[in-house]
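An overview of the molecular structure
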Amino acid sequence: MAQSETTQTEVGHEGGGHSSFPPFDASTFPAQLLWFFIAFGLLYWFMSKRALPQIGAVIENRKARIARDLDDATAMQQKADAAAAAHEKTLAEARAKAQSMAQAARDQLAAESEAKRKTLEDELAAKLAEAERQIAATRTQAMTSVAAIAREAAGAIVERLAGRPADPAAVAAAVDSVKPASGEA
Amino acid sequence: MATESGPAIDPVHQFSIHPVVPISIAGQDFSLTNSGLFMLLAVALTCLIAAIAARGDSGVPSRMQAMGEMAYEFVAGMVRSAAGEAGMRFFPLVFSIFFFILLCNLLGFIPYSFTATAQIIITASLALLVFLTVLIVGIKDHGVQFFKTFVPPGVPIYILPLVVAIEIVSFLSRPVSHSVRLFANMLAGHITLYVFGSFVIMLLGAGAAIKALAILPFAMTVGLEALELLVAFLQAYVFAMLTCMYLNDALHPGGH
């Protein structure tokens, strides 16, 4: 170690054999080099063979796991969306069915009531027609009776006034001559 | 009044090498010195932290695990950005270099400890390790093509010899700048800290009125300590980043 006593400016305590500037003291180099390569070699070996592959694997695993979880979540989301869509569809179908059923019921009821109304109307119309026919018959009958009564009454009036039976044919002709007027009245 | 009896102001004494376990092989001194001891300590600490960080394999990382993964992703990002995906084969090397330097730098902050990265032989070894890796991998992977690194494309033929000469000189001077940068930064930082620390002690040893002035170099020391902490990180980062960029040349020669 005692090799550089050339330019000792400082006191040079601590055994005295050092160079003035320790980092440039070449006598320390072999030992430093040896221990540097031992230390750095150990570090490099440990890092490249043990620590870094392990840390890298952990990071890769986590990345893979996160990716897988995300994929799972996406798949579940899709499933949930599909279920929601299916549910929505069944709901819509049920609603449509209910609506059609209600419509059918309404239509049926309407048809039934329409039919009932129709039969009722027909019945009424038939009754009306019958009544009208009866009225017309009664009226014609009444009109023919009126003519007979008028002839009878005219005969009776003539007999009372003239004191003798009147000629029925003349009376009938006389009554008939006024009949259109009275018949129209 | 300065150096009456106490320790003299010797800012480079902190860099001197002492044997801890004397070992001699074939007449050559291979003692485990304080330098070797602190390198081993840095390696042991790094390995310990890495081992703890690598242990947990749960999906949710523990604190140490998160720290280890952060370091992993940080260095991996650095390698990828500078040397591309192909550079990932040197990821363990860059990772080891970064944390070796960082831990050596940081251990140097402990009072009475030793800063191995303030030894030119250590930084030169690291730089040469990178340099030789670049050279060997470059030639092994690309053969003669590797020397395209020195011939940048698109340069006019009449200045090409000059450019090639400059490129070769700059390539060869890489290990020098690479190693001296780290060495000088750590050395200068520790000397400055020592000098300002000595001022504090000198002033405290002086008369009553001057004692109060000791607060000034003390404040300076505190500030410098923070700065040096930044430098410790920064130089480790710069060294590792340059390693990535040099490796990029080995992987993609001529890819300027």
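Treat the numbers as computed from the prediction; the structure is a model and nothing was measured.

**Some remarks on the overall build of chain B**
Along its length, chain B carries 7 helices and 4 strands. Put simply, chain B runs from its N terminus to its C terminus through helices and strands in the order β-β-β-β-α-α-α-α-α-α-α. In terms of its C-alpha atoms, chain B occupies a principal-axis envelope of roughly 70 × 60 × 45 Å. Within chain B, residue pairs in contact and separated by at least 24 positions form 63% of the contacts whose partners lie at least 6 positions apart.

**Points about the overall build of chain A**
A count of helical and extended segments in chain A gives 2 helices and 0 strands. Going through the 185 residues of chain A one by one, you find that 11% of them count as buried. Sequence separation of 24 or more characterises 23% of the internal contacts of chain A that already satisfy a separation of 6 or more.

**What to know about the interface of chain B and chain A**
Chain B puts 41 residues into the contact, and the matching count from chain A is 36 residues. Of all elements in the fold, only β3 (28-29), β4 (32-33), α1 (34-55), α2 (63-83), α3 (91-107) and α4 (120-142) of chain B reach the threshold of two or more residues within the side of chain B that touches chain A. Counting residues per element, the side of chain B that touches chain A draws most heavily on α1 of chain B, which supplies 11 residues. When the residues that make up the side of chain B that touches chain A are grouped by side-chain class, the tally is 25 nonpolar, 12 polar and 4 charged.

**Here's the deal with the packing of helix α1 (residues 29-162) of chain A against α2 of chain B**
Geometrically, a packed helix pair is captured by the angle between its two axes and the distance between the axes. In the contact formed by α1 of chain A and α2 of chain B, the axes pass within 10 Å of each other and the chain directions differ by 95°. As summarised for this structure, α1 of chain A and α2 of chain B are arranged roughly perpendicular, according to the angle between their axes. Between α1 of chain A and α2 of chain B, the contacting residues are L52, I55, G56 and I59 of chain A on the first element and G68, E69 and Y72 of chain B on the second. Among the residues making up the contact of α1 of chain A with α2 of chain B, the classes are represented as 4 nonpolar, 2 polar and 1 charged.

**Observations regarding the confidence of the model for chain A**
Taken over all residues, the pLDDT of chain A has a mean of 83, while the share at 70 or more is 86%. Counting interchain partners and residues more than four positions distant, the pLDDT-below-50 stretch residues 1-18 of chain A has 16 contacts.

**Focus: the nonpolar core**
Ranked by internal contacts, the top residues of the largest apolar core, which has 64 residues, are V75, V94, F98 and F100 of chain B. Contributing elements (two or more residues each) for this core: α1 of chain A together with α1, α2, α3, α4, α5 (160-204) and α7 (215-251) of chain B. Residues within four places of F98 of chain B in sequence aside, it is in contact with V75, A236 and A240 of chain B.

**Structural notes on the environment of I97 of chain B**
Residues and elements named next belong to chain B. Tracing the backbone through its elements, the reader meets I97 in helix α3. Owing to 26 C-beta atoms within 10 Å, I97 belongs among the buried residues under this scheme. For I97 and V130, which are 33 residues apart along the polypeptide, the C-alpha to C-alpha distance reads 9.4 Å. In contact with I97, not counting residues within four places along its chain, are L126, F239, A240 and T243.

**A short note on the confidence of the model for chain B**
Residues and elements named next belong to chain B. Per-residue pLDDT for chain B has a mean of 88; in total, 94% of the residues score no lower than 70. When pLDDT is averaged over each element of chain B, α3 comes out on top at 95 and helix α6 (residues 208-211) at the bottom at 80. This model gives residues 1-6 a pLDDT under 50, and the stretch forms 4 contacts once residues within four places in sequence are excluded. The complex model carries a pTM of 0.72, and its ipTM stands at 0.88.

**Quick notes on unusual backbone geometry**
All names here are of chain B. Here A26, not a glycine, exhibits a phi torsion of approximately 50°, which is positive. The phi dihedral of Y112 falls on the positive side, at around 70°, and the residue is not glycine. Along the polypeptide, Y112 turns up in the loop between α3 and α4. On the basis of neighbour count, Y112 is assigned to the exposed category, with 6 C-beta atoms found within 10 Å.

**Digging into the packing of α4 of chain B against α5 of chain B**
Residue and element names in this part refer to chain B. Where α4 meets α5, the axes come as close as 8 Å, and the angle between the chain directions of the two elements is 145°. Classified by chirality, the crossing of α5 by α4 is right-handed. For the pair formed by α4 and α5, the contact residues are I120, T123, A124, L126, A127, L128, V130 and F131 on the first element and R174, P175, H178, S179, L182 and F183 on the second. Split by residue class, the contact of α4 with α5 holds 10 nonpolar, 3 polar and 1 charged.

**Some words on α4 of chain B**
Given a rise of 1.5 Å per residue, 23 residues ought to cover 33 Å, and the 32 Å separating the end C-alpha atoms of α4 of chain B matches this to within 8%. Of the residues making up α4 of chain B, those classed as buried are I120, I121, I122, T123, A124, L126, A127, V130, F131, V134 and G138 of chain B. The secondary structure elements touched by the buried residues of α4 of chain B are α1 of chain A together with α3, α5 and α7 of chain B. Directly beyond the C-terminal end of α4 of chain B, a positive phi value near 60° is found at G143 of chain B.

**Considering α1 of chain B**
Taking 1.5 Å of rise per residue, 22 residues should cover 32 Å, and α1 of chain B covers 31 Å from first to last C-alpha, within 8% of that figure. The elements touched by buried residues of α1 of chain B are α1 of chain A together with β4, α2 and α3 of chain B.

**Digging into the environment of G68 of chain B**
Counting through the fold element by element, G68 of chain B comes out in helix α2. By the C-beta count within 10 Å, which is 26 here, G68 of chain B ends up buried. The spacing of G68 of chain B and F98 of chain B is 30 residues in sequence and 13 Å in space, taken between C-alpha atoms. Contacts of G68 of chain B, omitting those with residues within four sequence positions, involve I55 of chain A together with I49, A50, A53 and A54 of chain B.

**Quick word on the environment of T149 of chain B**
Residues and elements named next belong to chain B. Relative to the helices and strands, T149 is located in the loop between α4 and α5. Accessibility expressed as a C-beta count within 10 Å gives 20 for T149, which makes it buried. Taking the C-alpha atoms as reference points, T149 and M202, 53 residues apart in sequence, are found 55 Å from one another.

Conventions used here
- Residues numbered from 1 in each chain as written.
- Chains lettered and ligands numbered in written order.
- Predicted model: local features only at pLDDT ≥ 70, side-chain atom pairs only at ≥ 80, totals over all residues.
- Helix = DSSP H or I, 4+ residues; strand = E, 2+ residues; numbered from the N terminus.
- Contact = placed C-beta atoms within 7 Å.
- Buried ≥ 20, exposed ≤ 12 C-beta atoms within 10 Å, placed from the backbone.
- Nonpolar A, V, L, I, M, F, W, Y, C, P; charged D, E, K, R; others polar.
- Axes fitted to C-alpha atoms, helices over the stretch in contact; angles between N-to-C directions.
- Parallel < 35°, antiparallel > 145°, perpendicular 65-115°, else oblique.
- pLDDT = per-residue confidence, 0-100.
- Core = buried A, V, L, I, M, F, W, Y, C linked by C-beta atoms within 7 Å.
- Left-handed = near helix turned anticlockwise from the far one by under 90°.
- Expected span 1.5 Å × (residues − 1).

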